[in-house]
Protein chains: 2
Amino acid sequence: MVDILHRVGIKSSVAEVYSALTTAEGLAGWWTTDTEGEGDNVGGVLQFRFPPGGFDMKVLELDPGKRVRWEVIDGPEEWIGTQVNWNLDRVGDYTIILFEHQGWKEPVEFMHHCSTKWATYLMSLKALAETGKGAPSPDDIQISDWH
Amino acid sequence: MVDILHRVGIKSSVAEVYSALTTAEGLAGWWTTDTEGEGDNVGGVLQFRFPPGGFDMKVLELDPGKRVRWEVIDGPEEWIGTQVNWNLDRVGDYTIILFEHQGWKEPVEFMHHCSTKWATYLMSLKALAETGKGAPSPDDIQISDWH
């Protein structure tokens, strides 16, 4: 098993970042405008859609202001069964996100792509929380020929 | 052992990207302006300096237009002995970089930070090769309280 890891610090409140991870409106502001579902109750399902396809995530855990965990229940084969974990902490003026997309079976080329892509989406989340404007799909940053 | 993985695609020639990885001038254009040393011969040492410190890399392998491998011989404790591998390929109009920073002993918080930071530097390398202007340190993108 291999994991994608990231860390960003956001000059915004923990509550605002938590909201951007648990409401369809918040998620639509930084990941994909085509977001539907229930992110604020355990067992709820979030549906994220992008031009090439999408992901369904089941909410596994919610600890307000501290932790959000999702399990991928539908999407690309490599993603199914993986978990996306968001750990929040407050350090000085920053809300720190420790991010893990864990449980990849193999370090395939698609995993390399998703690692870079997650970084740009985390920067989009940071921009949303700090300035009110993120860069969600379909206006996300293009990193390669895969989009 | 855990690894940082990334993939970017650059609309520029393989030769130009290879040059940006093997010459002090190229490296200074996307990673840190304070770059010195010999990146174009195996056994050469590159010295990268940033406001908080730096890294010394020994060139382990050079396969022009295909592959560059470095070993970290000085820098933060967590980096020493790790390897940075650049694999280049041509796909359509793109030079594809598969990037690995491999051999981390533990998935510490600093590794999460470096994973996100590598992504932003890879986007800086992409910008340099596509537009002539990257965002090297000290004018790099700030991702958190750690800079």
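Small disclaimer: the values here were computed from a predicted structure and weren't measured.

A closer look at the interface of chain B and chain A
Phase 1 of the analysis: The partner chain A presents 29 residues to the 29 residues of chain B that form the contact.
Phase 2 of the analysis: In this assembly, chain B packs against chain A so that about 2300 Å² is buried in total across both faces, 60% of it on carbon and sulfur atoms.
Phase 3 of the analysis: At the surface where chain B touches chain A, the tally comes to four salt bridges.
Phase 4 of the analysis: Here A:Arg7 makes a salt bridge to B:Glu109, at a shortest N to O gap of 2.8 Å.
Phase 5 of the analysis: Across the contact surface, chain B and chain A share 18 residue pairs in polar contact (both at pLDDT 80 or more).
Phase 6 of the analysis: Elements supplying a minimum of two residues to the side of chain B that touches chain A: strand 1 (2-10), strand 7 (94-104) and helix 3 (109-131) of chain B.
Phase 7 of the analysis: At nine residues, the largest contribution of residues to the side of chain B that touches chain A is made by helix 3 of chain B.
Phase 8 of the analysis: Tallied by class, residues from the side of chain B that touches chain A come to 14 nonpolar, nine polar and six charged.

Topic: the relation of the copies chain B and chain A
Phase 1 of the analysis: The two copies are related by a screw motion: chain B maps onto chain A through a turn of 180° and a shift of 0.0 Å along the axis, at an RMSD of 0.0 Å. The transformation just described matches what one would write down for a two-fold rotation axis. Closest to the rotation axis within chain B is the C-alpha of B:Ala119, separated from it by 3.2 Å.
Phase 2 of the analysis: Of the interface residues in chain B, 100% have counterparts in chain A that sit at the interface too, so the contact is made through matching surfaces.

What counts and how
Residues numbered from 1 in each chain as written. Chains lettered and ligands numbered in written order. Predicted model: local features only at pLDDT ≥ 70, side-chain atom pairs only at ≥ 80, totals over all residues. Heavy atoms only, no water. Contact = heavy atoms within 4.5 Å. Buried area = accessible area lost by both parts, 1.4 Å probe. Salt bridge = Lys/Arg side-chain N within 4 Å of Asp/Glu carboxyl O. Polar contact = N/O pair within 3.5 Å; in protein donor to acceptor, adjacent residues only side chain to side chain. Helix = DSSP H or I, 4+ residues; strand = E, 2+ residues; numbered from the N terminus. Nonpolar A, V, L, I, M, F, W, Y, C, P; charged D, E, K, R; others polar. Least-squares fit on C-alpha atoms with pLDDT ≥ 70 in both.

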